[in-house]
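Take a look at the letters that make up each chain.
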Amino acid sequence: MTKAKEAGTLPLNTILAGDCIAAMNGLPEASIDLIFADPPYNLQLRGDLHRPDNSRVDAVNDHWDQFDSFAAYDRFTRDWLAAARRLLKPNGAIWVIGSYHNIFRLGAELQNQGFWLLNDVVWRKSNPMPNFKGKRLTNAHETLIWASKSEGAKYTFNYEALKSLNEGVQMRSDWVLPICTGHERLKDANGDKAHPTQKPEALLHRVLLATTNPGDVVLDPFFGTGTTGAVARMLGRDFIGIEREESYRKVAEARLARVRKYDREALMVSTSRRAEPRVAFGVLVERGMLRPGEVLVSPRGKTAKVRADGTLVGPDVTGSIHQVGAAFEGAPSCNGWTYWHYRREGQMVPIDVLRQQIRAEMAERPN
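All of the points below concern the structure found in this document. Only a predicted model underlies this, so the values are computations on that prediction, with no experimental measurement involved.

It is worth spelling out the nonpolar core at this point. Nonpolar side chains tend toward joint burial in soluble globular proteins. Membership of the largest hydrophobic core comes to 33 residues, with the highest contact counts inside it found for Trp95, Leu144, Trp175, Leu203, Val207 and Leu208. Of all the elements in the fold, those that place two or more residues in this core are β2 (32-37), β3 (88-98), β4 (116-125), β5 (141-148), β6 (174-177), α5 (201-211), α6 (227-234) and α7 (246-257). For this core, the leading source of residues is α5, giving five residues. When near neighbours in sequence (up to four residues on either side) are disregarded, Val207 contacts Leu34, Phe36, Trp95, Leu144 and Trp175. Core analysis: the next-biggest nonpolar cluster, separate from the first, contains 30 residues, Leu16, Leu88, Leu219 and Ile240 among them.

Bringing the packing of α6 against α7 into the picture now. Here α6 crosses α7 at 15 degrees, and the two axes come no closer than 9 Å. In terms of orientation, α6 and α7 fall into the roughly parallel class. You can see that α6 and α7 cross each other, and the crossing is right-handed. For the pair α6 and α7, the contacting residues are Thr227, Gly229, Ala230 and Arg233 in the first and Arg255, Leu256 and Ala257 in the second. Class assignment of the residues belonging to the contact of α6 with α7 gives a composition of three nonpolar, two polar and two charged.

Turning to its location among the elements, Ser148 is positioned in strand β5. A residue is classified by how much of its surface remains accessible, and Ser148, at 1% relative accessible area, is buried. Among the polar contacts listed, one links the side chain of Ser148 to the backbone oxygen of Ser150, at a separation of 3.1 Å. With residues up to four places along the chain from it excluded, the contact list for Ser148 reads Gly92, Ala93, Phe115, Trp116, Leu118, Ala153 and Tyr155.

Inspection of the entire model under this criterion finds twelve aromatic pairs. For the ring pair Phe76 and Phe222, a centre distance of 6.1 Å and an interplane angle of 65 degrees mean the geometry is edge-to-face. Here the residue Phe76 occupies a position in helix α2 (residues 70-87), and Phe222 occupies one in the loop between β7 (217-220) and α6, the gap between them amounting to 146 residues. A residue is classified by how much of its surface remains accessible, and Phe76, at 18% relative accessible area, is buried. Residue Phe222 is classed as buried on the basis of its relative accessible area, which comes to 15%. Measuring from ring centre to ring centre gives 5.2 Å for Trp80 and Phe222, while their planes differ by 85 degrees; the resulting arrangement is edge-to-face. Separated by 142 residues along the polypeptide, Trp80 in helix α2 and Phe222 in the loop between β7 and α6 bring together distant segments of the chain. Judged by its relative accessible area of 0%, Trp80 is buried. Through a chain of ring-to-ring contacts, the aromatic side chains of Trp95, Trp146, Tyr155, Phe157, Tyr159 and Trp175 assemble into a single cluster.

With that settled, consider α2. Between its first and last C-alpha atoms α2 spans 26 Å; for 18 residues at 1.5 Å apiece the expected length is 26 Å, and the two agree. Check the buried side of α2 and you find it contacts α1 (20-25), β2, β3, α3 (103-112) and β7.

Calculation notes
Residues numbered from 1 in each chain as written. Predicted model: local features only at pLDDT ≥ 70, side-chain atom pairs only at ≥ 80, totals over all residues. Heavy atoms only, no water. Core = buried A, V, L, I, M, F, W, Y, C linked by side-chain atoms within 4.5 Å. Buried < 20%, exposed > 50% of the residue type's maximum accessible area, 1.4 Å probe, protein only. Helix = DSSP H or I, 4+ residues; strand = E, 2+ residues; numbered from the N terminus. Contact = heavy atoms within 4.5 Å. Axes fitted to C-alpha atoms, helices over the stretch in contact; angles between N-to-C directions. Parallel < 35°, antiparallel > 145°, perpendicular 65-115°, else oblique. Left-handed = near helix turned anticlockwise from the far one by under 90°. Nonpolar A, V, L, I, M, F, W, Y, C, P; charged D, E, K, R; others polar. Polar contact = N/O pair within 3.5 Å; in protein donor to acceptor, adjacent residues only side chain to side chain. Phe/Tyr/Trp six-rings, centres within 6.5 Å; stacked < 30°, edge-to-face > 60°. Expected span 1.5 Å × (residues − 1).

Encoded structure:
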């Protein structure tokens, strides 16, 4: 456990002890890329819960989940969300998770404070705990809310990575994942659950893969036994945890000590072409990769000449590689990079090959 030594520095990859609001207020403004928050659910349990065989269920009845009233819970929610919003970078984002007991109150306060809701995600548990009393539906899901700092703000979303994770199909907002059981469930010295609401690493893997990049700083103000930190470390992200309960901190510290990062190559994820560096066609002309006057050829044999300013000229049409291609095809638009080819050693080569060469050079430049 380490505390921030001075204002303006981030205590990366450490667990801060104490109240989350005070700890967040002690961190530099606009310094965090992503916040993942699993706050108390305020379950309002009344007495013990028992199974049909009369054995007691290890439910959430800890003091940290108990509030005197909904008003008290709302004040707590308002204060920690305000502290969280101050910490987010302009392009930062937040995830909050909850059950039907609190998620609607969290969502309302997010909007009250100016966050912009991007998605709500239903985490459907493939192995939920039954409803032992048989008086309600089995509570088989929790809800996550993903929000940017403000309307119109930029944020990270690795769309192609999630699509790859989902076997090439666009990721939906309902995620079927098991609850934390078996070898992943952490135990204390007595063999009991170290934390009653430990989240599965699979859930955090999906969240961090989708909405952060290697080297980003992820804050978890309700760190518990450290699932966010463990997954962040594995994925090459930095984390800051805040946890007031010493017993949870000890478990989290031992857990984090066992975690090893993936290698750099394994941390790279699929990206959209839109995320690749923009290269203007004129750059190819400036670099001498194509010369003014050189003839480009369409798939159907139509030709246009390259001009010194990076435009093309063809019969009765002048414009960009995209405009001239669209005019030749009588289409509303055209991807000129894949449409046009040039001749080299008797072969027809797409001009996009030249663009990719420049992009590869850009990627190799030191930061």
